[in-house]
Amino acid sequence: MIDVHLLRTDLEATKAALARKKVPAGDVEHAAALDAEGRKLASQADALRSQVKALSKQVGDAMRAGEEGRAADLRQQSKRLGEDLAAVEERARTAQSQLHEALLRIPNLPAPEALDGASEADNVVRRTVGFDPARYGPHQRVPHWDIGTELGILDLERGAKLSGSMFPLFRGAGATLCRALCQFALDRNRDAFTEIRPPSLVRSPALEASGQLPKFADDAYHVERDDLWAVPTAEVPLTSMHAGEVLREEELPVRVMAYTPCYRREAGAAGRDTRGLLRVHEFDKVEILAVCKRDQAGELHEDILARATGSIEALGLPYRVVEICTGDLGQSQARQYDVEIYAPGCDMWLEASSVSWFSDYQARRAAIRYKPLAGGPPNVCDTLNGSALAVPRVWAALVETYRQPDGSVELPAPLHPYLAGQTTIRVI
RNA sequence: GGAGGGAUGCGAGAGUGGCCGAAUCGGACGGUCUCGAAAACCGUUGUGGGUGUACGCCCACCGUGGGUUCAAAUCCCACUCCCUCCGCCA
């Protein structure tokens, strides 16, 4: 969440910054009012409590001195004050919990240098690499769902039989390719990122920390019986694994990566891009993530972006980098680039990675801080992350791009070590 | 799933309901001493909120959340986590 001090000292600037993200000024003012109210009540409660404590101490003294009458008298006074205190505390608690609720729903401030814009339409393509529509033959203009069926490597019907639509089932070399892509992505990043295998069911606070709760509860799968959530991305466990910790400045940046399955209800996206692997409820992804100091964030953002595009480039897929404008930024993002890959069969640019800087928004929600080497109180960290590789869309683009005139698919060399010999997938 | 035990400051570890934000030991840091070091001695050693120009002061925090009481680390209830034993299990 945003720093509550912003509401006290820079209310106008905060409203202006959030207006770039289309946040109504009223939401911000509402939170500021709750904060002022809560602080006023808390001060009153502090003063009352201080008096109660002083009186209680006197009760003890009087009793030890054997002055029963005086003790009873003081006890009465203290009891009355205690009742007032309970009432004020109750009101303070209410205001503070309302403030907390309000704060959880206020989006992060966009970075000052973030691209201005009202909607998705205002996003800007920063660069396009390797794209030449003329180079594709008719054999590459076949969508992956047809190729997958033809080669017997993607079985959407059976996936649907098990779990409903948008739950893909991969088969044979198709399944191996999923695993190969994850392995490939992990190996490419192990020079700087520590591999983690986190749980993929997490408690609510983890989703709250990275911003999925409370606003976007409908997008996530919830296991009622145990009150656990299926992670929509490894970002969730990777961010919260350090929740509540005070890190040492020397250990920053903390760089971790994880392969996890990802689960998304796609509640708001019904009917959009639902063919094949374009949008699915369960998929595999390798996520890379950094926890750092503010002055390390810019460089790390570039690094993560370079790693995301590097993997795509190594696989020989054309891609473009899109800068997301303020109006299209997610709740938690201060700045974001998307990496889109070109899939010739569907003739679409598919979002394959989202590389985000969250400033201190997630770290504040998760309470991830570091102790400055120079001394002084702990500072809130920054967090960044990006998909190193999200399987289904890359799978789709690969199969379409590398389809040969005879209908077989020849996978690119960097994947060969991971394919157990299945470097060419032939029609059965 | 069943039965027990536990959770206190950086670590270990005390704590009859009032004088406990917390003994003691250890660690770390600073200082005295020393040519230097060790030893010894002295001091410092948490987080959050509020308030003041400032030394400061006030409040909260002893796993989490409730409750009892004039007063809770201490009593009661619920939850979480850890440990031991039994059962089950990939």
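This is a predicted model, so every value here is computed, not measured. Within any chain, residue numbers begin from 1 and follow the written order of that chain's sequence. Written order determines the labels here, with chains lettered from A and ligands numbered from 1. Totals for whole chains, interfaces and linings use every residue, but because this is a predicted model, local features are given only for residues with pLDDT of at least 70 and side-chain atom pairs only at 80 or more, for both listing and counting.

Caption draft 1: Main features of the pairing of strand β8 (residues 282–292). A large share of β8 lies buried, amounting to nine of its 11 residues. Sheet topology note: the strand β7 (residues 254–263)/β8 ladder contains 10 bridges and is antiparallel. Note that in β8 the partner of Thr-260 across the bridge is Lys-285. The burial label depends on the number of other C-beta atoms within 10 Å of a residue's C-beta. Counts of 20 or more mean buried, 12 or fewer mean exposed, and intermediate counts mean partly exposed, with C-beta atoms placed from the backbone. For the purposes of this entry, the term helix denotes a DSSP run of H or I that reaches at least four residues, the term strand denotes a run of E that reaches at least two, and both are numbered from the N terminus. The pairing criterion for strands is at least two bridges between them, as found by DSSP.

Caption draft 2: Focus on the protein's contact with RNA strand B. Taken together, 20 residues lie near RNA strand B, and Ser-50, Ser-56, Val-59, Gly-60 and Ser-78 sit nearest. Of the residues contributing to the surface near RNA strand B, the split by class is seven nonpolar, six polar and seven charged. The rule is simple: place the C-beta atom from the backbone, and if it lies within 6 Å of a molecule or strand, the residue is near it. All residues other than Ala, Val, Leu, Ile, Met, Phe, Trp, Tyr, Cys, Pro, Asp, Glu, Lys and Arg, Gly among them, are scored as polar; the first ten of these are nonpolar and the last four charged.

Caption draft 3: Inspection of the pairing of β7 at higher detail. β7 sits mainly inside the fold: eight of its 10 residues count as buried. With three bridges joining them, strand β2 (residues 194–196) and β7 adopt parallel strand pairing. Within β7, the residue paired with Ile-196 across the bridge is Ala-258.

Caption draft 4: Quick look at the domain arrangement of chain A. The source of the domain bounds is an automatic or database domain assignment. Here the domain parsing of chain A yields domain 1 (5–105) and domain 2 (120–425). Relative to domain 2, the C-alpha centre of domain 1 lies at a distance of 44 Å. The partner domain 2 presents six residues to the five residues of domain 1 that form the contact. Note on contacts: residues are paired as contacts if their backbone-placed C-beta atoms lie within 7 Å.

Caption draft 5: Layout of the sheet that holds strand β12 (residues 369–371). Spatial strand order, β6-β12-β13: three strands in an open sheet with mixed pairing. Both edges of this open sheet fall to β6 (246–248) and β13 (379–380), since each of them pairs with a single strand only. Here two bridges tie β12 to β13, and the two strands are oriented antiparallel to one another. Residue pairing for β13: Tyr-370 is matched across the bridge by Asn-379.

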